[in-house]
Every structure is written in C-alpha cells, then in structure tokens.
Amino acid sequence: MKNSITFSIHTLGCKVNSYESNIVVEKCLEQGFEKVEFGQTSDISIINTCAVTEESARKSKQYARRVKRQNPDCVLVVIGCFSQICDDGSLDFADIVLGTKNKSKIVSYILEFFQNRRKIIDVSDISSDNFFEKMISDKDDHIRATVKIQDGCDNFCSYCIIPYARGRIRSKDINEAYEEISALVKSGYKEIVLAGIHITSYGLDGKDYDLIDLLEKIDCIDGLERIRLGSVDPKFITYDNVERLKRIKRLCPHFHLSLQSGCDSVLKRMNRKYTVEDFVNSTEFLKHNFENLALTSDIIVGFCGETDSEFKETCELVAKIGFSKIHLFPFSPRKGTAAYKMEDLGNSIKSERMKIIGDIERRLEFSYRSGLIGKTFQVLSEKCLNGFSEGFTSNYIKVKFKGNRINTIEDVLITGVDGDCCVGEVLNKGKEIKV
C-alpha cells in the first residue's frame, strides 16, 4: 500500500469509545496511513458509533450517511455499539461494518477491502463472550491518558441497551494494565483515567483480583501523580472499600456515582441494584474520608411512569447530597430494552422537569465552586487562550489563571468563580510535563 492513503475518524459516546478510537488511529498510522481531520476528503472514513440512547443511535447513522454523501468514493468503516445492535439494514451503505469486537484488526479489514472491493461485515454474537480484546495504547490525544480496563455489563437496567451491545463483563489482565499504565507514565503522562463500561466489575469475571487491587498496584508507579476513576457503581462504595481507597495516595477525590433517580420506586422500575439509602450511605462514607471531595452523577429525568411526587424525591435528594456537577438526560425509550414497552411521559413533561432540576444543578455547581475560594489546589494545565491557561484540579474542577503555561502542574490559589470554572493565582512556576 502507498503511504499517501489518508483516513479520518469520528468518535461518538463514552471514554471507552475514545480509548478504542485511539487504538484504531495507532493501528492506521503504523500501517502508514495519513490522518486528516474529520470532515476533510479522505480515502478512509471511520465512524465509531454509540447506541446508549435513540438520539446517539440517530447521530451515528446521520454522521455515517453524511460522510458517504459528501465523500462517496471513500471506504466507509462503521464500528462500535450501534453497529453491534443494528439489525434493520440502516448501515447497508457502509463498506466495512464491525461490532464491538475486533476493532484492533481494523487495518487488516481495510487492506482486504482494498484488495477485493467486497463489503465486509464482522458483527458476532457477544452475549456469552468472556474474551477481553487485547488493546494496549502507548499514547493519547490529551494531557491525561485514558486506559480501558474493563468491558461489558451484567446489570441489565431496564432502560439500557449496552449489555446487548457490549456483552458480559470482561477484564484486562492486571499485569497488562500495569505495564500499559507504566509505559504511559514513562512517556510523560501524570494523570491516568481508568475507564470501562462498568469498572467496578473489574476482576469479577473469575479473576483473583479486583478494582482496588489494581489501584493499589499502580499507586506505586514512580512518576504517576493522579489516578482518576470513571463512573462508579454506588454499591462499590462500602465502608470496607473506602478504608482501602483512602490509603491510595494518588487517587483523585472525585467520584462519579451514577444515581439515575432519587426515588426507590423509580429505581426498582429501572432495575437498579441499590436503594436511596444505599446511595446516601455511600456518599457519607466518601464525605467522611476524602478532603475536598467532589461528587458528580447522572440523572434520568422523566423515566417511565415517574409521578410528580417521585420526581420531587429526586430533586430533594440531589439538593441534600450537594453534587458538584450532574449530567441530566431526559428519558429516551430505547428499542430492545424492557423500558421500551413501559409508559412514556411525553416530551413536554420531561422538558419541564429538566428545567426544574437544571436550576437546582446550576445552584449546586456554583455553591461548590464558591466553596473552594481561598483554597489552594494543584492544577494540571491543558490549554492556553487569550493570555490565560486552563486546567483541572484533582477533584475535576476547571480553573483558569493568567499565563501561557501548558502541560504543567501549578499550585493555584482559587480567588473566584467565572461561569463554569474557577479563577485563581499561580503560587509557583510549575514543572513541565513532556507528553
């Protein structure tokens, strides 16, 4: 093949998709393909799809169709969760269709297509698959590096299609994860984000280790300054687990606990495996053991049959816990899930409730940021704009300060709040991070 072959890639969805897209990019570059920005004319166009909601599935199809319309001569490769569950022929126009397996083999599929120009489909049944595809990255596109340690989910929440798109839980070998993270740290990354579809299931697929064992193992890596967790199941935050977590020196005091609803009856309809009391106890364990703790969460607004009183319970719980940020989603019926057959409230009720809880969320965000004024945090600077640098604290608060620093760690005194971030003053010169 000629080195002049170009490719572009567009990623929808979660950190796991982003990680897997990084692997795809690395494989293409190793083959000698040249990467161009998505939207530019290229020989190969890759869409890494999402299917978590009907809207994300619609966008996945929309991007793929747009690419083929604007660049009809390209080899269109559609991969990921939507590809895995799509069974209605809506991707018939794609040249290569891969599900959620074998993404690391993408170059061999592309070369095969170039050779015989015949459509390739690799979407296999993953319902009982226990194989964790070996995907190791030694680079990332950002200051912090994401590492996928787990795949699949066994929870089968009534609204969620992901267990069907990603299969059962599988874990990366703990030694492979350690070596991957060590290599990333050696190349200059100071912050590692552990990602997965359900990371607290790490090791529960018959392994003799679990997530905390991995955290304790990588905490000893020389040069690693921050370990950040992706979304955590509330039932993982027990007294015993917190006792171990608080001894992990590099663990960021930022926990994303997916609440979804603050009402037990709604949680039951969602087939969530915890109660409101369980969730509150988890947050209390964390608050008592981590300084400058930030709690973030997800809320589904207007789930099937949600009454005014049930919604009120959610609003009251959200205010009581005092999240630093909440991701709000209006319920979207997803074909193939149990909730698809349940009563839908309609868009007008969902929109009204989104505004109500959105106001609460904005007040909580401002209150949390305002409470940081006068405190000093280490900020990992990530970009510069108009004479200001921006970065994040260990508890994942965006901070901007005067200067043109990038890829540095600064001690920053928080002096105020400006919109969605804090402002501060640098107390040291910072140390360069080579990435």
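The paragraphs below set out a description of the structure included in this document.

Reading guide: rules and limits
- Residues numbered from 1 in each chain as written.
- Predicted model: local features only at pLDDT ≥ 70, side-chain atom pairs only at ≥ 80, totals over all residues.
- Heavy atoms only, no water.
- Helix = DSSP H or I, 4+ residues; strand = E, 2+ residues; numbered from the N terminus.
- Rg over C-alpha atoms; globule rule 2.2 N^0.38 Å.
- Buried < 20%, exposed > 50% of the residue type's maximum accessible area, 1.4 Å probe, protein only.
- Contact = heavy atoms within 4.5 Å.
- Lys, Arg positive; Asp, Glu negative; His and termini not counted.
- Charge placed at Lys NZ, Arg CZ, Asp CG, Glu CD.
- Pairing = 2+ DSSP bridges.
- Expected span 1.5 Å × (residues − 1).
- Arc of directions from axis to C-beta.
- Axes fitted to C-alpha atoms, helices over the stretch in contact; angles between N-to-C directions.
- Left-handed = near helix turned anticlockwise from the far one by under 90°.
- Nonpolar A, V, L, I, M, F, W, Y, C, P; charged D, E, K, R; others polar.
- Patch = residues over 30% accessible without salt bridge, like charges linked within 9 Å, V, L, I, M, F, W, Y side chains within 5 Å.
- Areas by Shrake-Rupley, 256 points an atom, 1.4 Å probe, with all protein chains shown as cover.
- Salt bridge = Lys/Arg side-chain N within 4 Å of Asp/Glu carboxyl O.
- Polar contact = N/O pair within 3.5 Å; in protein donor to acceptor, adjacent residues only side chain to side chain.

Notes on the overall build of the chain
Consideration 1: Looking only at helices and strands, the chain has 12 helices and 19 strands in total.
Consideration 2: Relative to the 2.2 N^0.38 estimate, which gives 22 Å for 435 residues, the radius of gyration of the chain is 22 Å and therefore close to what a compact globule would have.
Consideration 3: Seen through its principal axes, the chain has C-alpha atoms that stretch 65 × 55 × 50 Å.
Consideration 4: Taken across its 435 residues, the chain has 53% of its residues classed as buried.
Consideration 5: Long-range contacts, defined here as pairs at least 24 residues apart, represent 70% of the contacts in the chain between residues at least 6 apart.
Consideration 6: The positive charge centre, built from 63 side chains, and the negative charge centre, built from 64, are 2 Å apart in the chain.

Examining the sheet that holds strand β2 (residues 34-35)
Whether parallel or antiparallel, the strands of a sheet pair through hydrogen bonds between backbone atoms.
Consideration 1: In spatial order, the strands read β2-β1-β3-β4-β5-β6; together these 6 strands make up an open sheet with parallel pairing. Each end of this open sheet is capped by a strand with a single partner; those strands are β2 and β6 (120-122).
Consideration 2: Alignment of strand β1 (residues 6-11) against β2, held across 2 bridges, turns out to be parallel. Paired with Phe7 across the strands is Lys35, a residue of β2.

Structural notes on helix α10 (residues 276-287)
Along an α-helix, residues three or four positions apart point the same way, because every turn accommodates 3.6 residues.
Consideration 1: The end-to-end C-alpha separation of α10 is 17 Å, in line with the 16 Å expected for 12 residues at 1.5 Å each.
Consideration 2: Val276, Phe279, Val280, Ser282, Thr283 and Leu286 are the residues of α10 that are buried. Seen along its axis, α10 keeps its buried residues to an arc of 155°; they face one direction.
Consideration 3: Structurally, α10 contributes buried residues whose contacts are with α8 (239-245), β11 (254-256), α9 (264-270), β12 (294-301) and α11 (308-321).

Notes on the side chain of Thr6
Consideration 1: Mapped onto the elements, Thr6 comes out in strand β1.
Consideration 2: Discounting residues that sit within four places of it in the chain, Thr6 has contacts with Glu34, Val36, Thr41, Ser42, Asp43 and Ile44.

Here's the deal with the packing of helix α6 (residues 174-186) against helix α7 (residues 211-218)
Consideration 1: Viewed as axis vectors pointing N to C, α6 and α7 meet at an angle of 35°, and their least axial separation amounts to 10 Å. In this structure, α6 meets α7 at a crossing whose hand is right-handed. Between α6 and α7, the contacting residues are Ile174, Asn175, Ala177, Tyr178 and Ile181 on the first element and Asp213, Leu214, Lys217 and Ile218 on the second.
Consideration 2: Classifying every residue of the contact of α6 with α7 by side-chain character gives 6 nonpolar, 1 polar and 2 charged.

Thoughts on helix α1 (residues 15-31)
Consideration 1: Compared with the 24 Å implied by 1.5 Å per residue over 17 residues, the 25 Å span of α1 between its first and last C-alpha is a close match.
Consideration 2: Looking at the residues trailing α1, positive phi occurs at Gly32, about 105°.

Observations concerning the sheet that holds strand β9 (residues 191-196)
Consideration 1: Here we have 4 strands laid out as an open sheet, ordered β8-β7-β9-β10, and mixed in their pairing. Where the open sheet ends on each side, the last strands, each with one partner, are β8 (170-171) and β10 (226-229).
Consideration 2: In this structure, strand β7 (residues 145-151) lies alongside β8, joined through 2 bridges in antiparallel fashion. Within β8, the residue paired with Gln150 across the bridge is Ser171.

What to know about a negative patch on the surface
Consideration 1: A cluster of like negative charges, contributed by Asp264, Glu277, Asp278, Glu313 and Glu316, occupies part of the molecular surface.
Consideration 2: Of all the secondary structure elements, the ones that give two or more residues to the negative patch are α10 and α11.
Consideration 3: As for its placement among the helices and strands, Asp278 is situated in helix α10.
Consideration 4: Using a relative accessible area of 33% as the deciding quantity, one classes Asp278 as partly exposed.

Digging into the environment of Glu310
Consideration 1: Assignment of secondary structure puts Glu310 in helix α11.
Consideration 2: Taking relative accessible area as the criterion, Glu310 reaches 9% and is therefore assigned buried.
Consideration 3: Each C-alpha atom of the pair Glu310 and Ser265 lies 7.8 Å from the other, and the pair is 45 residues apart in sequence.
Consideration 4: For Glu310, the contacting residues outside a window of four places in its chain are Cys263, Ser265, Val266, Arg269 and Gly305.
Consideration 5: Of note is the side chain of Glu310, whose polar atom sits 2.6 Å from the side chain of Ser265.

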